[in-house]
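Spelled out, the chains give:
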Amino acid sequence: MNSLRFTAESSSDGILERDFTVGDVPGILWSPAAATGPAPLVLMGHGGGAAKRHRAMAGRARLLVTGCGFHAAVLDAPGHGDRPRSARDAEDVAALRRAQAAGAPEAPVVVPYNVRLAEQAVPEYRAALDALQELPEIGTGGPVGYVGIGLGMAIGMPLVAAEPRITAAVFGMTWPDALFEAAKRITVPVEFVMHWDSGRIPREASLALFDTFGSAEKSLHANAGEHVAWHPVEADSATRFFARHLAPARP
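Position numbers for residues start from 1 in each chain and track the written sequence from start to end. At least 70 in pLDDT is required for a residue's local features to be given in this predicted model, at least 80 for side-chain atom pairs to be given and counted, and no such filter applies to totals for whole chains, interfaces and linings, which use all residues. Each side-chain value is derived from all of the structure's non-hydrogen atoms; neither hydrogens nor water enter the calculation.

As recorded by an unreviewed UniProt entry, the protein carries the name Alpha/beta hydrolase and is attributed to Streptomyces bauhiniae.

Caption draft 1: Region of interest: the packing of helix 3 (residues 107-132) against helix 4 (residues 151-162). Orientation of helix 3 relative to helix 4, taken along the N-to-C sense of each, is 55°, at an axis distance of 9 Å. One element, helix 3, and the other, helix 4, form an angle in the oblique class. Seen along the crossing, helix 3 lies across helix 4 with a hand that is right-handed. Contacts between helix 3 and helix 4 pair Asn 114, Leu 117, Ala 118, Ala 121, Val 122, Tyr 125 and Arg 126 from the former with Leu 151, Ala 154, Ile 155, Pro 158, Leu 159 and Ala 162 from the latter. Polarity classes work like this: nonpolar for Ala, Val, Leu, Ile, Met, Phe, Trp, Tyr, Cys and Pro, charged for Asp, Glu, Lys and Arg, and polar for all others, with Gly in that last group. Per-class residue counts for the contact of helix 3 with helix 4 are 11 nonpolar, 1 polar and 1 charged. Throughout, an axis means a line fitted to C-alpha atoms (over the contacting stretch in the case of helices), and angles, computed between N-to-C directions, take values from 0 to 180 degrees. Here a strand is any run of E in DSSP of at least two residues, a helix any run of H or I of at least four, and the numbering for each starts at the N terminus. An angle below 35 degrees is read as roughly parallel, one above 145 as roughly antiparallel, one from 65 to 115 as roughly perpendicular, and any other as oblique. Helix crossings are classified by the rotation of the near helix relative to the far one: an anticlockwise turn of less than a right angle makes the crossing left-handed, while a clockwise turn makes it right-handed. By definition in these notes, contact holds between two residues if any of their heavy atoms fall within 4.5 Å.

Caption draft 2: Focus on the nonpolar core. Side-chain atoms within 4.5 Å link the members of a nonpolar core, which is a set of buried Ala, Val, Leu, Ile, Met, Phe, Trp, Tyr and Cys residues. The cut-offs for exposure are 20% and 50% of the maximum accessible area for each residue type, with area from a 1.4 Å probe on protein chains only; residues under the lower value are buried, those over the upper are exposed, and the others partly exposed. Core analysis: the largest hydrophobic core is formed by 66 residues, its most contacted members being Trp 30, Leu 43, Leu 132, Met 157, Phe 171, Phe 213 and Phe 242. Excluding residues that lie within four positions of it along the chain, Leu 132 makes contacts with Leu 4, Phe 20, Leu 29, Leu 41, Leu 43, Ala 73 and Ile 138. With 8 residues, the next largest nonpolar core counts Ala 95, Leu 96, Val 109 and Trp 175 among its residues.

Caption draft 3: View of the sheet that holds strand 8 (residues 190-195). Strand order in this open sheet of 9 strands is 1-2-3-5-4-6-7-8-9, and the pairing throughout is mixed. The open sheet is flanked by strand 1 (4-12) and strand 9 (218-223), the only strands paired with a single partner. On average, each strand axis in the sheet is inclined to that of its neighbour by 15°, with strand direction left out of account. Paired strands, as defined in this entry, are two strands with at least two bridges between them according to DSSP. Note: strand 2 (residues 15-22) against strand 3 (residues 25-32), 8 bridges, orientation antiparallel. Residue pairing across strands places Thr 21 opposite Pro 26, the latter belonging to strand 3.

Caption draft 4: Examining a nonpolar patch on the surface more closely. Residues Trp 196, Leu 207 and Leu 220 make up a contiguous nonpolar surface patch of about 220 Å² in total accessible area. Among the structural elements, Leu 220 can be located in strand 9. Patch construction takes residues with relative accessible area above 30% that form no salt bridge. Like charges are linked within 9 Å, and nonpolar side chains (Val, Leu, Ile, Met, Phe, Trp, Tyr) are linked within 5 Å. Using a 1.4 Å probe, accessible areas were evaluated by the Shrake-Rupley method; residue-level cover was limited to the displayed protein chains. Whenever Lys or Arg places a side-chain nitrogen within 4 Å of a carboxyl oxygen from Asp or Glu, that contact is recorded as a salt bridge.

Caption draft 5: Region of interest: the packing of aromatic side chains. Geometry of aromatic contacts follows a simple scheme: Phe, Tyr and Trp rings, the Trp one being its six-membered ring, pair when their centres are within 6.5 Å, and the pair is stacked under 30 degrees between planes, edge-to-face over 60, tilted otherwise. Scanning all chains against the criterion turns up 6 aromatic pairs. Summarising the aromatic geometry, the rings of Phe 241 and Phe 242 are spaced 5.4 Å apart at their centres and angled 70° between planes, so their arrangement reads as edge-to-face. Owing to a relative accessible area of 1%, Phe 242 belongs among the buried residues under this scheme. Through a chain of ring-to-ring contacts, the aromatic side chains of Tyr 125, Tyr 146, Phe 171, Phe 192, Phe 210 and Phe 213 assemble into a single cluster. In this scheme, Lys NZ or Arg CZ marks a charge over a ring once it lies within 6 Å of the ring centre and within 35 degrees of the ring normal. Taking NZ or CZ as reference, Lys 218 lies 5.2 Å from the ring centre of Phe 210, over its face.

Caption draft 6: Geometry of the pairing of strand 4 (residues 41-45). Burial of strand 4 is extensive: 5 of the 5 residues sit out of reach of the surface. Residues of strand 4 alternate between two faces, with Leu 41, Leu 43 and Gly 45 on one and Val 42 and Met 44 on the opposite face, all of them buried. Here strand 4 pairs with strand 5 (residues 71-75) via 4 bridges, running parallel. Looking at strand 5, one finds that Leu 41 is bridged to His 71. Between the parallel elements strand 4 and strand 5, the chain passes through helix 1 (residues 55-68) in a crossover that is right-handed. Pairing analysis gives 5 bridges linking strand 4 to strand 6 (residues 144-149), with the strands arranged parallel. Seen with its strands pointing away from the viewer, a crossover is right-handed if its path from the first strand over the helix to the second goes clockwise.

What follows is the structure in structure tokens.
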């Protein structure tokens, strides 16, 4: 079993930030600086071309830590951040850039690329979850959520479909072509975000994926505009969503 090793630590504004590795996979764990007992954990997945230190990951972690008292953790996806890019990764990224430059559809390149990365990343996230739950401030058996955008959604949907410890999830903004089977197996509460006018991800495909989720509780958030980063209001909404579904019930 891969063990967790902390490699750096800093604290600011009540948030403890710790770099870690599980095996050779690097990640970051954000926690309340004064955490003394078990608290819920939210796993996060970054977008394609980004990394664990992307401002979206740090900002979302801050909301979860300061607003909810939760822990938040993210891993660098294969070929991203501090993980070397393989020759196959470089070929796929170059093919994507050629498609973008030519104004050609991106899905034929991005979808198989995301599937390949997800096949590697899902067991990495499950190993990281094993290791993180051994920490006394998180604890075994506590509530776990997942939030992923772009590539983070492509990794997160098969992860949530396979991992019974994850009991609530927020997804958005990736090509759904290879995700319908995973969506059928996801039955936990889901919040799903899309851009109504995206010229890259067809509206009809996103709506079809939302309809396919097996969850009894699911909500669709459609924002006007092109395919861009999530609106700040969606980060706030996701935080409230996890507070409802992961916070311990009050007596």
